[in-house]
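Examination of the molecular architecture
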Amino acid sequence: MKISGKTRVCGLIGDPVEHSLSPSIQNAAFDHLGLDYVYAVFPVTRNNLKRAIAGMRSLGLHGLNVTMPHKTEVARYLDELDETAKNVGSVNTILNSNGSLIGYTTDGIGALRALRHGGADPSGKKIVLLGAGGASRSLSFTLVRAAKEFVILNRTSGKAERLARDITTLLGDSAKVAAGRLTDENLEKELTDADILVNATSVGMHPNEQKTPVDRKLLRLGLVVFDLVYEPLETRLLREAAEIGAKTVNGLSMLVHQGAASFEIWTGVKAPIEVMMKAATRELAETKQ
Ligand code: NAP
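Going along each chain's sequence as written, the residues are numbered from 1 onward. For this predicted model, a pLDDT threshold of at least 70 governs which residues receive local features, and a threshold of 80 or more governs which side-chain atom pairs are given and counted, while totals over whole chains, interfaces and linings are taken from all residues. Calculated side-chain values reflect all of the structure's heavy atoms, with hydrogen atoms and water omitted.

The next thing to look at is the pattern of salt bridges. Think of a salt bridge as a Lys or Arg side-chain nitrogen and an Asp or Glu carboxyl oxygen that are within 4 Å of each other. Using the criterion set out here, one finds 13 salt bridges in the structure. A salt bridge links Arg137 to Asp166, with the nearest nitrogen and oxygen atoms 3.0 Å apart. With a gap of 29 residues between them, Arg137 in helix α5 (residues 134-146) and Asp166 in helix α6 (residues 157-171) connect regions that are remote in the sequence. Two residues, Asp215 and Lys217, come together in a salt bridge whose shortest N-O distance is 3.9 Å. Here's how the labels work: a residue is buried when its accessible area is under 20% of the maximum for its type, exposed when over 50%, partly exposed in between, all with a 1.4 Å probe on protein chains only. On the basis of relative accessible area, Asp215 is assigned to the partly exposed category, the value being 32%. Numbered from the N terminus, helices here are DSSP runs of H or I no shorter than four residues, and strands are runs of E no shorter than two.

In structure tokens, the structure reads:
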């Protein structure tokens with residue numbers, strides 16, 4: 001990689017960001033296509049967010065990804081928000097377009113593309129989504145438009161109900177959304193005729209790899225199981241789904257696809273998905289050593 005006076009600088013802000021896979025994923029894509037871009041990480045605490053965005057303007061950084069804890073707060077410092085970011089109330093990508101900072105969210109499109117990449121197009125399907133936190137919210141507004149039926153189950157049922165209400169307020173009654181508590185009883189009822197199960201809770205994530213949000217007896221062949229957790233890459237939920245022959249999609253695929261969508265916003269060039277996927281897998285394996 002050759003850095004010149006014309007190199008466009010992109011990066012990630014958040015706290016913590018030291019273990020992010022994004023530099024490997026993005027730089028592999030820039031290198032592969034011979035684009036004069038570079039991607040770095042910038043640890044930014046809550047107190048420094050406003051100054052960091054002012055710095056983006058004054059230094060002329062071309063693009064940023066935004067992660068915890070800034071995804072909601074950052075919107076107030078930008079000049080414009082794209083429609084989806086506005087609806088979701090979250091920004092994970094900023095483009096510096098001739099001095100004007102535009103906020104986007106690529107989590108939803110990342111989830112959609114990850115499902116399609118895994119051979120599971122959600123169009124016209126019944127989706128059962130577990131969780132009502134930040135990740136769940138970011139992908140709900142995209143997946144619900146494709147789905148025939150959308151059910152949100154969360155440990156704190158009030159949060160699931162609020163998310164369902166927000167979706168209905170935005171999309172009207174055409175969005176077939178229901179919400180409830182994440183219990184075995186509700187899972188059993190909703191999974192009987194579901195096509196896609198999405199885990200957007202943190203259950204099963206390192207260091208709690210032995211946990212699963214869904215008892216294996218509730219899984220069945222024909223159900224696509226998509227787990228957003230990517231540490232470990234194969235969660236207990238995905239392993240048990242694969243054991244009964246169900247199709248699985250892992251969280252790394254979503255991470256790469258949402259990064260690819262950011263890459264496309266910054267460069268206007270189609271992202272080299274397989275190159276990015278390989279870089280992500282390699283980096284994840286190396287960080288575990
Ligand atoms: P968050 O805002 O903190 O939400 C956490 C969610 O998990 C909430 O719905 C919470 O339920 C639920 N939860 C936590 N512990 C639980 C338990 N013991 N039993 C049942 N539910 C539990 O986090 P987030 O940002 O949405 O992230 C959620 C997961 O998605 C994380 O593992 C994260 O790494 C992953 N993620 C992956 C990607 C990707 O690109 N693959 C992107 C974003 C996030 P309550 O509301 O009841 O607390």
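The next thing to look at is the nonpolar core. Counting 30 residues, the largest nonpolar core has Phe150, Ile152, Ile167 and Phe226 as the members making the most contacts within it. The set of elements that each furnish at least two residues to this core consists of α4 (107-117), β7 (126-130), α5, β8 (149-154), α6, β10 (196-199) and β11 (224-227). We define a nonpolar core as any set of buried Ala, Val, Leu, Ile, Met, Phe, Trp, Tyr and Cys residues linked to one another through side-chain atoms lying within 4.5 Å. Counting residues in each nonpolar core, the second largest holds 24 residues, with Cys10, Phe30, Leu255 and Ala280 among its members.

When DSSP finds two or more bridges between two strands, those strands count as paired. Taken together, the 6 strands give an open sheet; going across it, the order is β2-β1-β3-β5-β6-β4, and neighbouring strands pair in mixed fashion. The strands lining the two open edges of the sheet, one partner per strand, are β2 (37-43) and β4 (80-81). By the bridge criterion, 3 bridges tie strand β3 (residues 63-66) to strand β5 (residues 93-97) in an arrangement that is antiparallel. Across the sheet, residue Asn65 finds its bridge partner in β5, namely Thr93. On top of the sheet, helix α1 (residues 22-33) reaches β2 and β3; it is set at about 170° to β2, its chief contact. Against the sheet, helix α9 (residues 251-267) contacts β1 (8-14), β2, β3, β5 and β6 (100-104), and its axis sits at roughly 5° relative to β5. Residue contacts follow a heavy-atom distance rule, with two residues in contact if any of their heavy atoms lie within 4.5 Å. Where helices are involved, their axes are fitted lines through C-alpha atoms of the stretch in contact, as for all axes, and angles between N-to-C directions lie from 0 to 180°.

Patch building starts from residues that exceed 30% relative accessible area and form no salt bridge, then joins like charges within 9 Å and nonpolar side chains (Val, Leu, Ile, Met, Phe, Trp, Tyr) within 5 Å. Surface exposure here means Shrake-Rupley accessible area, sampled with a 1.4 Å probe, where a residue is shielded only by the protein chains that are shown. Asp and Glu count as negative and Lys and Arg as positive, but His and the ends of the chain are not part of the count. In this description, the location of a charge corresponds to atom NZ of lysine, CZ of arginine, CG of aspartate or CD of glutamate. Taken together, Arg155, Lys159, Arg162 and Arg165 make up a surface patch of like positive charges. Its place among the elements puts Lys159 in helix α6.

Attention now moves to the site of the ligand. Around the ligand, the structure places 20 residues, and the nearest of them are Ala135, Asn154, Thr156, Lys159 and Gly251. Any pair of N or O atoms that falls within 3.5 Å is considered a polar contact. Within protein, one atom must be able to donate a hydrogen and the other to accept it, and sequence-neighbouring residues count only if both atoms are side-chain atoms. The backbone of Gly251 places a nitrogen or oxygen atom 2.8 Å from a nitrogen atom of the ligand. Here the ligand has 920 Å² of accessible area as a free molecule, and 73% of this is covered by the chains. At the level of elements, α5 and α9 are the ones that each hand at least two residues to the shell around the ligand. The element that contributes the greatest number of residues to the shell around the ligand is α9, accounting for 3 residues. Only a single heavy atom is needed: when it lies within 4 Å of a molecule or strand, its residue is near that molecule or strand.

Taken domain by domain, the protein chain comprises domain 1 (8-105 + 253-287) and domain 2 (108-249). Throughout the structure description, domain borders are defined by an automatic or database domain assignment. A separation of 25 Å is found between the C-alpha centroids of domain 1 and domain 2. On the domain 2 side, the residues contacting the 18 residues of domain 1 number 19 residues. Summed over both partners, the accessible area lost on bringing two parts together, with a 1.4 Å probe, is the buried area. Interface area for domain 1 against domain 2, summed over the two sides, is near 1,400 Å², with a carbon-plus-sulfur share of 66%. Counting across the interface, domain 1 meets domain 2 through 1 salt bridge. A salt bridge links Arg113 to Glu264; the shortest N-O distance between them is 3.2 Å. Linking domain 1 with domain 2 are 2 residue pairs in polar contact (both at pLDDT 80 or more). Elements with a contribution of two residues or more to the side of domain 1 that touches domain 2: α3 (83-88), α9 and α10 (273-288). Top element by residues in the side of domain 1 that touches domain 2 is α9. It accounts for 8 residues. When its residues are assigned to classes, the side of domain 1 that touches domain 2 shows 9 nonpolar, 7 polar and 2 charged. Under the scheme applied here, ten amino acids are nonpolar (Ala, Val, Leu, Ile, Met, Phe, Trp, Tyr, Cys and Pro), four are charged (Asp, Glu, Lys and Arg), and all others, including Gly, are polar.

Before going further, it helps to spend a moment on the packing of α4 against α9. Packing of α4 against α9 brings their axes to within 7 Å, and their N-to-C directions diverge by 120°. In terms of their interaxial angle, α4 and α9 are classed as oblique. Between α4 and α9 the crossing geometry is right-handed. In contact with Asp107, Ile109, Gly110, Ala111, Arg113, Ala114 and His117 of α4, α9 contributes Ser253, Met254, His257, Gln258, Ala260, Ala261 and Glu264. Residue composition of the contact of α4 with α9, by class: 6 nonpolar, 5 polar and 3 charged. When describing relative orientation, an angle under 35 degrees is termed roughly parallel and one over 145 degrees roughly antiparallel, while 65 to 115 degrees is termed roughly perpendicular and anything else oblique. Put simply, a crossing is left-handed when the front helix is turned counterclockwise from the back one by less than a right angle, and right-handed when it is turned clockwise.

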